[in-house]
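Spelled out, the chains give:
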Amino acid sequence: MVRFVHSPRPIRSVLVANRGEIAVRVMRTCKRLGIRTIAVYSDADADAVHVRTADEAVRIGHPPARASYLDMDAVISAAKGAGADAVHPGYGFLSENSAFVRRCEDAGLIFVGPSAHAVELMGSKIESKRIAARVGVPTVPGYHAESQEDKTLFAEAKRIGFPVLIKASAGGGGRGMRRVDHPKNFVEALASAKAEAEAAFGDGSVLLEKFILNPRHLEVQLAGDRCGNLVHLFERDCSVQRNNQKVLEEAPAPRLTDDVRRKLYHAACSLGREISYDSAGTVEFIMEIGSDEPYFLEMNTRLQVEHPVTELITDVDLVEWQLIAAAGEALPLKQDEIQPHGHAIEARITAERADLGFRPVTGEITEVSFPRGVRIDSGVEAGSKVSLYYDSLLLKMIAHGADRPAAIERLVSGLSEMSLLGIATTQAFLRDAIRQPMFRDGEATTRFIEAAFPEGWRPEETELMALRAAACVAWAAPSAGEVNPAWVNPWLQRNAVRVTSAARSAQISLHLKDDYGEMEAEVRVRRDAVEVEAGGRRMIFAPPTADGALALMTPDDGRKFLVRRNAGAVQIARDGLALSVVVQPTIDLSLSHGRVEHTSNQILAPLHGVISKLYVAIGETVAKGAPVLQMEAMKLIHTLSAPVDGQVASLRCAAGDTVPADAVLVEILPSAADEQL
């Protein structure tokens, strides 16, 4: 039976106006409640998991978000055409757009979220700070007025004092946010932040805040209904962040006094009551380490990415509570009936190179194996394609335990046991981050990553070498019955293989290349084992089993590697670290090993993306550090600057072009002074 058939506002079917893991997660609750689900998708998502999870799916446009997921007309038309009663926005995209809420209501659709009035008031970070001041909630010093003129913003930044933080007024998730340490960098950072905010939210307006150097990021989960009820579901700590986006989140917040907790709950509920908040929402705060005074940051009038940690410590399904409120019913629990138990931690696993400053990557996932004992909210599976058009989030792993140490151990085990092949992810980085003493002791701030990994993160060398050695064995000995037309048995070739007598090993010299570098290896196949010598180490592997599984014999504990050969590479994983290794017999390599040399006067694409803006033309003179072009990928704006003083000699791209990573985009003829250097 459908849960909300007899509610004041009946809901029998819901269109989920989103994609990826959040769309799948919303559909899971809807199906449990007997509610029919409708997915929407762009051409890039035609085969996505959320499309096949829904009862019905409707195409809404081309891959860029502006032409599909942000197209209000297309989304509402899809909902009306599919006979939906309600629209659930998920997070991001149109979830905090008051115009969209009103469009839904005008079309006779129930918006599963707060009223348009609440979204309008709190969806604007500028207006929300005014409301906070009105109810006596402290805010970070800054500029929250209406003027968006560059000269006004620059003057206000100087008044506040550097470093300052530029923030998009209309959205969150780190989009349209830039830290500026020096006045000379302000104009460029402002242009970049506004462009990113416009691309992500359709609104380029920004506000300014004093940058607090070493804060904790705390937040309170609220839930309200249309009957006048409002409750909090305790706090979360989301301090571990990269590029102003959250990485690890937990509930409750560690090492927090009861006095600070009371301040957080009082401030959050005061704001919620002031605007008659009537759905799930989150009030965010920052607090300088060592302080006991939290500052209000913003309110997100939607479901948060990290909502599962709250669900696990309260046994409340927040999507169900959103639907209850949207249907006009009262929340099922009063404040004193909501009791926390245990501890929960969430890790966001993204398609990013953690060793390269969390640079987004694209590609195809070839295999995924999820562990038991943890909650997985995922929008991907084997065969899923990660495109440049959307956020890099692939899935979330959430662990719950009786206490914080138990939750940490469960999450570390889950990250170590999960296997995901095909593209680079942050899985191994997250495993290593959680093991850091600073995190285990509950002392992380928003500067955790730079403090824990001052030289940047990179896989531990012994672990990396073991994976590379296993890739050699896998390349030389495919699993029984494997059909792979691209693979040629090296032992049947004469080029780089030396086969001697039965008493001596067959031997081959190999060159390996992966995301973390290149190396040479020597492989010897014996009757009872395969021996690999690489990087000054000698490793012995048991012969591959019938299913192709590999295990080190010594020195190791026999833990097996997950192996898959795909498109000329060996994809291999163990203990949470995965590699895609190109293996070639040394004798087959060209003298250059296929490398292309680039000069320091060229600007290369840092990742696969779309050229969104060119600031220069051929023949123009540019100064070192001046912006030359903008790229857009995975909802982020990347501004590329001139590497030297000089003249623009060539432009190999135009606005709107899609370019691969490492493509040469601009060449600059250096000035005479630079040439002499």
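Here's what I pulled together on the structure shown here. Just so it is clear, the model here is predicted, and its values are computed rather than measured.

What counts, and where the lines are drawn
Residues numbered from 1 in each chain as written. Predicted model: local features only at pLDDT ≥ 70, side-chain atom pairs only at ≥ 80, totals over all residues. Heavy atoms only, no water. Helix = DSSP H or I, 4+ residues; strand = E, 2+ residues; numbered from the N terminus. Contact = heavy atoms within 4.5 Å. Pairing = 2+ DSSP bridges. Disulfide = S-S within 2.5 Å. Salt bridge = Lys/Arg side-chain N within 4 Å of Asp/Glu carboxyl O. Polar contact = N/O pair within 3.5 Å; in protein donor to acceptor, adjacent residues only side chain to side chain. Buried < 20%, exposed > 50% of the residue type's maximum accessible area, 1.4 Å probe, protein only. Axes fitted to C-alpha atoms, helices over the stretch in contact; angles between N-to-C directions. Core = buried A, V, L, I, M, F, W, Y, C linked by side-chain atoms within 4.5 Å. Parallel < 35°, antiparallel > 145°, perpendicular 65-115°, else oblique. Left-handed = near helix turned anticlockwise from the far one by under 90°. Nonpolar A, V, L, I, M, F, W, Y, C, P; charged D, E, K, R; others polar. Expected span 1.5 Å × (residues − 1).

## Structural notes on the environment of Arg359
- Position of Arg359 among the secondary structure elements: in strand β17 (residues 359–360).
- Separated by 274 residues in the primary sequence, Arg359 and Ala633 place their C-alpha atoms 9.9 Å from one another.
- Aside from chain neighbours lying at most four places away, what touches Arg359 is Ala351, Glu352, Arg353, Pro606 and Leu607.

## Things to note about the pairing of strand β26 (residues 517–525)
- When strand β25 (residues 506–514) meets β26, the two strands line up antiparallel, connected through 9 bridges. Counterpart to Ala506 in the pairing with β26 is Val525.
- Hairpin remark: β25 followed by β26, antiparallel, with 2 residues in the connecting loop.
- Across 5 bridges, the pairing between β26 and strand β27 (residues 530–534) is antiparallel. Looking across to β27, one finds that Glu522 is bridged to Glu533.
- Joining the antiparallel neighbours β26 and β27 is a turn of 4 residues.

## Concerning the sheet that holds strand β5 (residues 110–111)
- Taken together, the 5 strands give an open sheet; going across it, the order is β3-β2-β1-β4-β5, and neighbouring strands pair in parallel fashion. The open sheet is flanked by β3 (56–61) and β5, the only strands paired with a single partner.
- Of the strand pairs in this sheet, strand β2 (residues 36–42) and β3 are connected by 5 bridges, and their pairing is parallel. For Val40, the partnering residue across the bridge sits in β3 and is Val58.

## Description of the state of the cysteines
- Overall, the coordinates contain 0 disulfides when judged by the stated rule.
- Free cysteine: Cys227, not disulfide-bonded; nearest cysteine sulfur from Cys269 at 17 Å.

## Topic: the pattern of salt bridges
- What the rule picks out here adds up to 57 salt bridges.
- In this structure, Glu120 and Arg102 form a salt bridge, with 3.2 Å as the shortest nitrogen-oxygen distance. Of this pair, Glu120 sits in helix α5 (residues 116–123) while Arg102 sits in helix α4 (residues 98–106), and the two are 18 residues apart along the sequence.
- Salt bridges linked by common partners bring Arg25, Arg28, Arg32, Glu311, Asp317, Glu320, Arg375 and Asp377 together as one network.

## Regarding the environment of Glu156
- By the element assignment, Glu156 lies in helix α7 (residues 150–160).
- Sequence-wise, Glu156 and Gly142 are 14 residues apart; in three dimensions their C-alpha atoms are separated by 8.1 Å.
- Polar side-chain contacts of Glu156 include one of 2.6 Å to the side chain of Arg159.

## Remarks on the side chain of Ser128
- Assignment of secondary structure puts Ser128 in helix α6 (residues 125–134).
- Note on Ser128: relative accessible area 0%, which makes it buried.
- Apart from the residues within four sequence positions on either side, Ser128 is in contact with Leu121, Met122, Phe296 and Glu298.

## As for unusual backbone geometry
- A cis amide bond, omega 5 degrees, links Phe162 with the succeeding residue Pro163.
- You can see Pro163 is positioned in the loop between α7 and β7 (164–168).
- Going from Ala251 to Pro252, the amide bond is cis rather than trans, its omega being -5 degrees.
- Summarising the element assignment, Pro252 is placed in the loop between β12 (245–251) and α9 (258–274).
- Its identity is not glycine, yet Asp575 carries a phi of approximately 55 degrees, on the positive side.
- Looking at the secondary structure, you find Asp575 in the loop between β31 (569–574) and β32 (577–585).
- Taking the relative accessible area as the measure of exposure, Asp575 reaches 23% and is therefore partly exposed.

## Here's the deal with the sheet that holds strand β11 (residues 230–242)
- Strand order in the open sheet formed by 8 strands is β14-β13-β10-β11-β12-β15-β22-β20, and the pairing between neighbours is antiparallel. Each edge of the sheet is formed by a strand with only one pairing partner; in this case those strands are β14 (295–300) and β20 (375–378). Going from strand to strand, the sheet's axes swing by 25 degrees on average, the running direction of each strand aside.
- Bridge count between strand β10 (residues 215–224) and β11: 6 bridges; the pairing is antiparallel. Its bridge partner being in β11, Val220 is matched across the sheet by Glu235.
- Against the sheet, α9 touches β10, β11, β13 (280–288) and β14, its axis set at about 115 degrees to β11.

## Observations concerning the nonpolar core
- Within the largest apolar cluster, 75 residues are counted, with the highest numbers of intra-cluster contacts made by Leu248, Leu394, Phe429, Phe439, Val532, Phe541 and Phe561.
- The element best represented in this core is helix α16 (residues 461–476), accounting for 12 residues.
- Residues contacting Leu248, with those up to four places away along its chain left out, are Asp237, Cys238, Val240, Glu346, Ala347, Leu430, Ala433, Ile434 and Phe439.

## Side note on the pairing of strand β38 (residues 646–651)
- Bridge analysis of strand β35 (residues 621–622) against β38 gives 2 bridges, and the strand direction is antiparallel. Residue pairing for β38: Val622 is matched across the bridge by Gly646.
- Of the pairings in the sheet, the one linking β38 to strand β40 (residues 664–670) comprises 5 bridges and is antiparallel in character. The residue of β40 that forms the bridge with Gln647 is Leu669.

## Here's the deal with the packing of α7 against helix α8 (residues 186–201)
- In contact at an axis separation of 11 Å, α7 and α8 are set at 120 degrees when each is read in the N-to-C sense. It follows from the interaxial angle that α7 and α8 lie oblique. Crossing angle aside, the handedness with which α7 passes α8 is right-handed. Contacts from Asp150, Leu153, Phe154 and Ala157 in α7 reach Phe186, Leu190 and Lys194 in α8.
- Considering only residue class, the contact of α7 with α8 consists of 5 nonpolar, no polar and 2 charged.

## Side note on the packing of α4 against α5
- The contact between α4 and α5 brings their axes to 8 Å, and the two run at 175 degrees. If you check the angle between α4 and α5, you find them roughly antiparallel. Here Ser98, Val101, Arg102 and Glu105 of α4 come into contact with α5, specifically with Ala116, His117, Val119 and Glu120.

## Some points on α8
- Taking 1.5 Å of rise per residue, 16 residues should cover 22 Å, and α8 covers 22 Å from first to last C-alpha, within 8% of that figure.
- Those residues of α8 not exposed but buried are Phe186, Ala189, Leu190, Ser192, Ala193, Lys194, Glu196, Ala197, Ala199, Ala200 and Phe201.
- Buried residues belonging to α8 abut α7, β7, β8 (178–180), β9 (206–210), β36 (627–633) and β37 (636–641).
- Positive backbone phi, at 75 degrees, marks Gly202, one or two positions downstream of α8.

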